[in-house]
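Listed below, chain by chain, are the residues.
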Amino acid sequence: MQKVDDAQAQIEFDRRVADEQKIEPTDWMPDDYRKNLIRQMSQHAHSEVIGMQPEGNWITRAPSLRRKAILLAKVQDEGGHGLYLYSATETLGITRSEMIEALQTRKAKYASIFNYPTLNWADIGAVGWLVDGAAIVNQIALQRTSYGPYSRAMIRICKEESFHQRQGYELIYAMAKGSPEQKEMAQDALNRFWWPSLMMFGPHDSDSAHSAKSMQWKIKRETNDVLRQRFIDQTVPQIEVLGLEMPDPEIKWNEEKGQYDSGEINWQEFYEVINGNGPCNHQRIKHHLKAHKDGEWVREAVRAYAEKQQAKKAANVA
Ligand SMILES: [Fe+2]
Ligand SMILES: [Fe+2]
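This write-up is about the structure you can find in this document. (Residues numbered from 1 in each chain as written. Chains lettered and ligands numbered in written order. Predicted model: local features only at pLDDT ≥ 70, side-chain atom pairs only at ≥ 80, totals over all residues. Heavy atoms only, no water.)

Here we look at the pattern of salt bridges
Part 1: Summed over the entire model, instances satisfying the criterion amount to 19 salt bridges.
Part 2: Measuring nitrogen to oxygen at the nearest pair gives 3.2 Å for the salt bridge that ties aspartate 27 to arginine 16. Of the two residues, aspartate 27 is situated in the loop between helix 1 (2–18) and helix 2 (31–50) and arginine 16 in helix 1; the sequence distance between them amounts to eleven residues.
Part 3: Note that arginine 230 and glutamate 222 form a salt bridge whose closest N and O atoms lie 2.6 Å from each other. (Salt bridge = Lys/Arg side-chain N within 4 Å of Asp/Glu carboxyl O. Helix = DSSP H or I, 4+ residues; strand = E, 2+ residues; numbered from the N terminus.)

This is the structure:
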């Protein structure tokens, strides 16, 4: 009997997805759809939170009060995105502590870009400009994702991401137009962050394990390669405005295609970093573990308060 119900529910689910309707937490959904969403959304949440580390590292060293205030606000936003996305993922029947455990035991991944170090102040510009720039391209497409809570989270988050991208570009612009030393720092930051930013879109479509199913379910709305090309096409003219050299000598306008050609990503590096062997993987998780342990007293206090409230309520009822 259950089988027939599921088959019918599946038909209804497929019809709604085809019809561009949102799937909500209490709706029936295929197990694999749920699993796929949990993987993608929790990975997204982890990326927001781990991404606070390379930038947070520079808050105390920002060169002016204005830059410090901007960076502080930006890093705080990322923490908010993480919390928002953890909550959205919990609607699928997984707890926040299960997700954190998967991150800390390295079962869950996060964006590989955050395993690269931020070596100088220009890197903070490059992160905002390129990393948040790449994230926006991805997240704008995700505003139309089929799962309601994820889609609504993306709409909200994108508004803040555009500020992140703008502040990064404004920072790198100031340096690219500054002293020769500053310009050199900007160029160096661009050279180092360019390729890892392109890797943020994931493997080629032909090599992407989760892509086809996610596209069919409209969890993903555009493929890795389409999104990556869009990012390249919007960023190359910005490099020209900055007066910096292209980080990839193969970048060239292709009149026929109406887009830029570019060189091949070093996929071996991509898989090395994804599999835990990037420059900062170990440091990022170690820091997360420490921060999590240091925050235990907050969780204890929240639990104690909730118990007290419950006891009060019970006493009132009695
Ligand atoms: Fe974010
Ligand atoms: Fe951001």
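Observations regarding the coordination of the iron ion (ligand 2)
Part 1: Only Glu78 (OE), Asp132 (OD), Glu161 (OE) and His164 (ND1) from the protein reach the iron ion (ligand 2) as donors, at distances of 1.9 to 2.2 Å.
Part 2: Taken in sequence order, the residues that donate to the iron ion (ligand 2) follow the motif E-x53-D-x28-E-x2-H.
Part 3: In this model, the iron ion (ligand 2) sits 3.3 Å from the iron ion (ligand 1), the two metals being bridged by glutamate 78. Within this pair, whereas glutamate 78 is found in helix 4 (residues 65–90), its partner histidine 164 is found in helix 7 (residues 148–176), the two being separated by 86 residues in sequence.
Part 4: The class for glutamate 78 is buried, based on a relative accessible area of 5%. (Donors = N, O, S within 2.8 Å, 3.2 Å for Na, K, Ca; no water. Buried < 20%, exposed > 50% of the residue type's maximum accessible area, 1.4 Å probe, protein only.)

Here's the deal with the coordination of the iron ion (ligand 1)
Part 1: On the protein side, the iron ion (ligand 1) has Glu48 (OE), Glu78 (OE), His81 (ND1) and Glu161 (OE) as donor atoms, found 2.0 to 2.2 Å from it.
Part 2: Coordination at the iron ion (ligand 1) comes from four donor atoms whose angles at the metal span 85 to 151°, giving a geometry best classed as irregular.
Part 3: All donor residues of the iron ion (ligand 1) come from one chain, and their arrangement in sequence is E-x29-E-x2-H-x79-E. (Tetrahedral: all angles 85-135°; square planar, octahedral: opposite > 155°, others 65-115°.)

Let's talk about the layout of surface pockets
Part 1: The calculated volume of the largest pocket comes to roughly 1,100 Å³.
Part 2: As for the largest pocket, its lining consists of 45 residues, and the residues nearest its centre are Gln43, Asn138, Met200, Phe201 and Gly202.
Part 3: For the lining of the largest pocket, the elements supplying multiple residues, two or more each, are helix 2, helix 4, helix 6 (121–142), helix 7, helix 9 (211–216), helix 10 (224–242) and helix 11 (267–277).
Part 4: Along the lines of polarity and charge, the residues of the lining of the largest pocket split into 19 nonpolar, 14 polar and twelve charged.
Part 5: Taken as a whole, the second largest pocket spans an internal volume of roughly 680 Å³.
Part 6: When contributions to the lining of the second largest pocket are tallied by element, the ones reaching two or more residues are helix 3 (52–56), helix 4, helix 5 (96–104), helix 12 (281–294) and helix 13 (296–317).
Part 7: At four residues, the largest contribution of residues to the lining of the second largest pocket is made by helix 12.
Part 8: In terms of residue class, the lining of the second largest pocket is made up of seven nonpolar, seven polar and two charged. (1 Å grid on protein atoms, 1.4 Å probe; cavity = no way out; pocket = protein on both sides within 12 Å on 5 of 7 lines; lining within 4 Å. Points joined across faces, edges and corners; volume = space filled by probe spheres on them. Nonpolar A, V, L, I, M, F, W, Y, C, P; charged D, E, K, R; others polar.)

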